[in-house]
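Given next are the chains, with one letter for each unit.
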Amino acid sequence: MLTDVWFVRSRRLAIALLIAVAWMLVVAATASADRPPRIVGGNTTTIAQHPWQAALVFDPAKKPGNDFQRQFCGGSLITTRIVLTAAHCVFDTDPGPLGLGTKLDPDDLDVVLGRTQLSGGGGEEHDVQRIEFHSGYNPATAEKDVGYVVLQAPSAQQRITIAGSDEFGLWRLGARTVVSGWGGTSEGGLGSDVLKEAVVPIIADATCETPGVYGTAFFRTTMVCAGFLEGGTDSCQGDSGGPLTTPAGGPRRLVGLVSFGEGCARANRPGVYSRAGCPPLRDDVAGDVFQLEAQEGLAHENVVGSGRGPCDETAPETAISKGPKKKLRTRKKRRRAKAKFVFSASEPGTRFECSVDG
Ligand code: ARG
């Protein structure tokens with residue numbers, strides 16, 4: 001008798017538990033659908049959101065298939081005639097039959113602009129006039145991973161400006177920068193025919209160079225890390241050379257170029273980007289573009305936003321402009337207390353972190 005009652009009770013309990021578990025699963029499923037989709041993660045987007053986004057595609061003579069099947073890297077339109085990409089995208093490690101094997105030949109690739117879905121046609125498809133990469137590019141370490149593709153004809157798409165030193169506040173530590181591309185949607189997986197984007201916060205250089213992350217493989221003067229230490233969202237193979245930009249909503253600026261990562265979206269292996277928004281790379285790009293324009297007889301276009309000189313890495317000045325004046329004496333009072341603080345900073349877009357100690 002007693003056991004019967006217990007049985008009924010426990011069955012009710014079991015049903016209640018089941019309902020609770022089911023409800024939790026529903027909640028978990030909705031929560032993961034809400035999470036910034038996992039590029040890897042992230043979500044599909046349109047070229048209108050990233051009008052400077054370029055796709056580097058192999059020439060049909062070099063690789064069969066449509067533009068999606070021939071796509072191998074990304075890039076950013078920084079002048080009407082020049083697409084910025086990664087050096088490793090155009091660097092050819094196999095010497096060609098003529099011994100001119102250090103970079104792809106202009107007729108090895110085309111550049112697609114103004115198109116969301118690569119296989120869908122439309123937008124612009126450009127022949128290439130010239131390919132260059134940073135003279136200091138080190139293929140062994142990926143330092144100075146910057147390349148240039150000069151188009152045979154000007155593009156009508158909107159270009160992106162590289163962040164100047166006055167704009168460093170837009171992409172300080174923790175800033176929700178955006179990476180976009182048609183690259184792998186999982187490690188070792190296929191790319192996406194439709195352009196994808198993901199929000200990837202800037203990670204501290206000090207974090208990225210710890211042995212548990214990239215250690216000595218990370219060079220803070222020419223690289224910047226962005227992503228999540230817990231993994232799940234990242235750029236991946238095929239996104240290389242593509243833009244890391246400041247978030248939509250504010251002034252859009254180019255701050256990094258997809259360079260490398262160990263695998264994709266792994267824990268403690270965030271994406272590493274060429275640090276395009278700070279010297280020395282920012283100045284090198286401006287100088288290289290200037291030289292390419294002169295050599296190719298192109299009109300000069302400015303590629304850098306506001307401010308010259310170094311990125312000011314020191315934190316902005318902050319103050320608590322409103323808050324309780326008195327410390328509460330008793331434990332009981334402290335437990336019940338509600339306090340309101342107002343913070344202010346010398347730079348717009350500053351994020352605060354604080355803890356309360358009683
Ligand atoms: N090197 C890759 C490419 O050529 C890009 C890798 C980016 N990887 C990453 N985990 N963020 O496309």
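Relevant structure appears above.
The present account deals with the structure reproduced in this document. The model shown is predicted, which means the values in this text are computed figures rather than measured ones.

Some words on the overall build of the protein
The number of helices and strands found in the protein is 6 helices and 15 strands. Summed over its atoms, the accessible surface of the protein is roughly 18,900 Å², and 56% of this surface lies on carbon and sulfur atoms.

Overview of a nonpolar patch on the surface
On the surface, Ile-320, Phe-341 and Phe-343 cluster together to form a nonpolar patch covering roughly 270 Å² of accessible area. Structurally, Phe-341 is set in the loop between α6 (331-336) and β15 (342-345). Classification of Phe-341 as partly exposed rests on a relative accessible area of 37%.

As for helix α5 (residues 281-296)
An ideal rise of 1.5 Å per residue puts 22 Å on 16 residues; α5 measures up with 22 Å between its terminal C-alpha atoms. Residues Leu-281, Arg-282, Val-285, Val-289, Leu-292 and Glu-293 constitute the buried set of α5. Taken around the axis of α5, the buried residues stretch over an arc of 110 degrees, which confines them to a single face. Those residues of α5 that are buried are in contact with β4 (82-85), β6 (124-133), β7 (147-151) and β13 (271-274).

Some remarks on the nonpolar core
Counting residues in hydrophobic clusters, the biggest one holds 37 residues, and the most contacted among them are Leu-56, Ile-78, Leu-84, Val-111, Tyr-148 and Val-285. Excluding residues within four positions of it along the chain, Val-111 makes contact with Ala-54, Ala-55, Leu-56, Val-83, Glu-124, Glu-125, His-126, Val-128, Val-149 and Leu-151. With 17 residues, the next largest nonpolar core counts Ala-163, Ala-198, Ala-226 and Val-258 among its residues.

Concerning the site of the ligand
Close to the ligand lie 15 residues, the nearest being His-88, Asp-234, Ser-235, Gly-238 and Ser-240. Here an oxygen atom of the ligand and a side-chain polar atom of His-88 are 2.8 Å apart. In the environment of the ligand, an oxygen atom lies 2.6 Å from a nitrogen or oxygen atom belonging to the backbone of Gly-238. About the coverage of the ligand: the protein hides 91% of its 350 Å² of free accessible area.

Overview of the state of the cysteines
Considering all chains together, one arrives at 4 disulfides under this definition. Between the sulfur atoms of Cys-73 and its disulfide mate Cys-89 the distance is 2.1 Å. On the sign convention where negative is left-handed, the bridge of Cys-73 and Cys-89, at about -80 degrees about the S-S bond, is left-handed. Of this pair, Cys-73 sits in strand β3 (residues 71-77) while Cys-89 sits in helix α3 (residues 87-90); the two residues are 16 residues apart in sequence, bridging distant segments of the chain. Cys-73 sits in the buried class, given a relative accessible area of 4%. Each sulfur of the disulfide joining Cys-236 and Cys-264 lies 2.0 Å from the other. Linking Cys-236 and Cys-264, the disulfide has an S-S dihedral of approximately 85 degrees and is accordingly described as right-handed. Of the two residues, Cys-236 sits in the loop between β10 (223-226) and β11 (243-245) while Cys-264 sits in the loop between β12 (254-260) and β13, which places them 28 residues apart along the sequence. Here Cys-236 matches Cys-264 in class, with each residue buried.

Quick word on a positive patch on the surface
Together, Lys-327, Arg-329, Arg-331, Lys-332, Arg-334, Arg-335 and Arg-336 line one region of the surface with positive charge. With respect to the helices and strands, the residue Arg-331 is situated in helix α6.

Thoughts on unusual backbone geometry
Cis peptide bonds are those with omega within 30 degrees of zero, and the linkage from Pro-279 to Pro-280 qualifies with 5 degrees. You can see Pro-280 is positioned in the loop between β13 and α5. For Ala-142, which is not glycine, the phi torsion reads 70 degrees and is therefore positive. Structurally, the position occupied by Ala-142 is in the loop between β6 and β7. You will see that Ala-265, though not glycine, has its phi angle at about 60 degrees, which is positive. Summarising the element assignment, Ala-265 is placed in the loop between β12 and β13.

Topic: the side chain of Thr-45
As for its placement among the helices and strands, Thr-45 is situated in the loop between β1 (43-44) and β2 (53-58). Setting aside chain neighbours within four positions, we find Thr-45 in contact with His-50, Thr-116, Val-194, Leu-195, Lys-196 and Glu-197.

Section: the packing of aromatic side chains
Following the criterion strictly, the structure yields 7 aromatic pairs and no others. Relative to Phe-72, the ring of Phe-58 has its centre 4.0 Å away and its plane inclined at 15 degrees; by these criteria the two rings are stacked. Remark: Phe-72 occurs in strand β3 and Phe-58 occurs in strand β2; sequence separation between them is 14 residues. For the pair Phe-58 and Phe-72, a shared accessibility class is recorded, and that class is buried. Ring geometry for Tyr-214 and Phe-260: centres 5.9 Å apart, planes at 75 degrees, overall edge-to-face. Taken together, the residues Tyr-214 in the loop between α4 (205-208) and β10 and Phe-260 in strand β12 connect sequence positions 46 residues apart. Taking relative accessible area as the criterion, Tyr-214 reaches 9% and is therefore assigned buried. Among the aromatic side chains, those forming a connected cluster through ring pairs are Phe-91, Phe-133 and Tyr-137. Sitting over the face of the ring of Tyr-214, Arg-269 holds its NZ or CZ atom 6.0 Å from the ring centroid.

Calculation notes
- Residues numbered from 1 in each chain as written.
- Predicted model: local features only at pLDDT ≥ 70, side-chain atom pairs only at ≥ 80, totals over all residues.
- Heavy atoms only, no water.
- Helix = DSSP H or I, 4+ residues; strand = E, 2+ residues; numbered from the N terminus.
- Areas by Shrake-Rupley, 256 points an atom, 1.4 Å probe, with all protein chains shown as cover.
- Patch = residues over 30% accessible without salt bridge, like charges linked within 9 Å, V, L, I, M, F, W, Y side chains within 5 Å.
- Salt bridge = Lys/Arg side-chain N within 4 Å of Asp/Glu carboxyl O.
- Buried < 20%, exposed > 50% of the residue type's maximum accessible area, 1.4 Å probe, protein only.
- Expected span 1.5 Å × (residues − 1).
- Arc of directions from axis to C-beta.
- Contact = heavy atoms within 4.5 Å.
- Core = buried A, V, L, I, M, F, W, Y, C linked by side-chain atoms within 4.5 Å.
- Near = heavy atom within 4 Å.
- Polar contact = N/O pair within 3.5 Å; in protein donor to acceptor, adjacent residues only side chain to side chain.
- Disulfide = S-S within 2.5 Å.
- Lys, Arg positive; Asp, Glu negative; His and termini not counted.
- Charge placed at Lys NZ, Arg CZ, Asp CG, Glu CD.
- Phe/Tyr/Trp six-rings, centres within 6.5 Å; stacked < 30°, edge-to-face > 60°.
- Lys NZ or Arg CZ within 6 Å of the ring centre and 35° of its normal.

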